[in-house]
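# Observations on chain architecture
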Amino acid sequence: MSGIAAYGAYIPLWRLSRDDIGKAWGKRSSGGERSVANHDEDTATMSVEAVSDCMAGIDRSVIDGLYFASTSAPFQEKQSATLIAAAADLRTDIITADHGNSLRAGTTALRAALDAVAGGSARNVLVVASDCRLGYPASDCEQNFGDAAAALLVSNQGKPVATIDASCSISNEMYDVWRLDKDTYVQTWEDRFIIEHGYLENASRAIAGLMKKQNLSPKDISKLVLYAPTARAQQQLARNLGFDPNTQLQNLLVNNLGVCGCAHALLMLAAALDEAKAGDRLLLASYGDGADAFLVQVTGEIEKIKNTRRGVKGFLASKKPLPSYERYLSYRGVLEPQPGEPFRLFPSASASWRERNWAIRFHGSKCKECGLVTFPIQRVCYKCQSKDSYEEVRLSDKRGKVFTYSLDNLAGRGDDPVIPQIVIESDLDKARIYSMMTDCDAEQIKIEMPVEMTFRRIYEGAGMYNYFWKCRPVR
């Protein structure tokens, strides 16, 4: 039986109070806080985190495909899915595809994965959606948006935690929320027009069509998992369709997270599954250039996977306040801080290709003669001197502790002036790894501090984005 075999999420550590945004512009705050990706994060790095959360305890070699969805992908003419698949250390003989240009790209990718699994072209497909959108400074979007990623494993192997029994889609052409190919910021039309003629009309048609097809009434649905641009619009849609917003509506998460673009519907589904029990019937709906609706049936397998991942709940609880609104503008490139010491490097496409196994997949080498694990990959073992007698081992999913460190006060940016340079002792055979630390307070670093690895963008040069693995305090 095919369906959803696992799910995961990722929410950045940093939160920005909407009061700080309102205060900066002398505007009313909508209350609460929104998530903010760090300056070294983007939709690709957040997707790697969500995939890792989803794949906890699952053999990565069984994955046959990865579909990535985003309206804010780091590349316009280069597949982000291949980068994510490599950083997640998946096989190379898999299907990869990018889905974008719509707020329902996440559910579009989900439908494509379901079709691939049902059609037999793949057995296990990862769907990951991630967004990091920019609203105009001082706009309502700036307060309303959030940054996050969510991942689902669609499979026809074994018993799923949830099946998707039916779906209904609506296509609708209109300018409501959009961004041109030359735009930095999201553009929107008048709110009432967007809600009435965009969201309510199209989401209602998709949900009503699905329920009619399945001969269902509102009382047959345990939880309504509705993407919405605002909490008020979400509640209005539920009432219009005859549902009880107080008992049947999944929390939109807007108060402590924000609306996270095409990732938001899948993020809400992950949150709903963590609270669901066997037999629950969920109705998932997303919106953007039309609407998608899915009927999700939860199985008894949910109890085996529930609370085995950090998920939405865990990442929401793990947070730090962003020091200022200006720091947010700097992280998003709206304000340019004083640059730090430039990297004395010359990026090369050929060098990046040669080093992809240790730099992107984060493989080390384990000597077949003496068992020493080294990073980066070494052809000659520096313990027993054997040559080309090693196997590659994954280090990205291993934790470790700080072995030693130094604080570089010259290399940082104007808003992050100190760069922690760390040597980690990995849990895997005590391998020593040099890394920078992120998402941390430099003054709180200490010897033997537990750390975990995180995939980040380290710098831009030669017209390329350069990615590598950093460490961070365990969240």
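Residues numbered from 1 in each chain as written. Predicted model: local features only at pLDDT ≥ 70, side-chain atom pairs only at ≥ 80, totals over all residues. Heavy atoms only, no water.

### Describing helix H1 (residues 18–25)
Looking at H1, one finds that the buried residues are Arg-18, Ile-21 and Gly-22. Down the axis of H1, the buried set is contained in an arc of 95°. They therefore lie on one face. Along its buried surface, H1 packs onto strand S2 (14–17), strand S3 (33–36), helix H5 (140–144) and helix H12 (325–331). Structurally, the start of H1 carries an N-cap: the backbone nitrogen of Asp-19 is 3.1 Å from a side-chain oxygen of Ser-17. Remark: Gly-26 follows H1 within two positions and exhibits a positive phi of approximately 65°. (Buried < 20%, exposed > 50% of the residue type's maximum accessible area, 1.4 Å probe, protein only. Helix = DSSP H or I, 4+ residues; strand = E, 2+ residues; numbered from the N terminus. Arc of directions from axis to C-beta. Contact = heavy atoms within 4.5 Å. Polar contact = N/O pair within 3.5 Å; in protein donor to acceptor, adjacent residues only side chain to side chain.)

### Some details on empty space enclosed by the protein
Overall, the coordinates contain two cavities of 30 Å³ or more when judged by the stated rule. Its boundaries defined by the atoms lining it, the largest cavity holds a volume of some 70 Å³. Lining the largest cavity are 13 residues, with Cys-367, Gln-378, Val-380, Cys-381 and Tyr-390 sitting closest to its centre. For the lining of the largest cavity, the leading source of residues is strand S15 (residues 363–367), giving three residues. Considering only residue class, the lining of the largest cavity consists of five nonpolar, five polar and three charged. Considered as a void within the structure, the second largest cavity measures approximately 30 Å³ in volume. Tyr-7, Asp-274, Ile-305, Asn-307, Thr-308, Arg-309 and Gly-311 together form the lining of the second largest cavity. (1 Å grid on protein atoms, 1.4 Å probe; cavity = no way out; pocket = protein on both sides within 12 Å on 5 of 7 lines; lining within 4 Å. Points joined across faces, edges and corners; volume = space filled by probe spheres on them. Nonpolar A, V, L, I, M, F, W, Y, C, P; charged D, E, K, R; others polar.)

### Quick notes on the sheet that holds strand S17 (residues 390–394)
By definition, the strands of a sheet pair up through backbone hydrogen bonds, in either a parallel or an antiparallel sense. One open sheet accounts for three strands, arranged S16-S15-S17; its pairing is antiparallel. Looking at the sheet topology across the chains shown, the edges are occupied by strand S16 (373–374) and S17. Two elements, S15 and S17, share five bridges in a ladder whose sense is antiparallel. Pairing of Cys-367 across the sheet is with Tyr-390, part of S17. (Pairing = 2+ DSSP bridges.)

### As for the pattern of salt bridges
This model, assessed by the stated rule, comprises 30 salt bridges. As a salt-bridge pair, Lys-219 and Asp-220 come within 3.7 Å of each other at their nearest N and O atoms. Salt-bridge contacts for Glu-425 lead to Arg-432; the nearest nitrogen and oxygen are separated by 3.2 Å. Via salt bridges that share partners, Asp-40, Glu-41, Asp-439, Arg-456 and Lys-470 belong to a single interconnected network. (Salt bridge = Lys/Arg side-chain N within 4 Å of Asp/Glu carboxyl O.)

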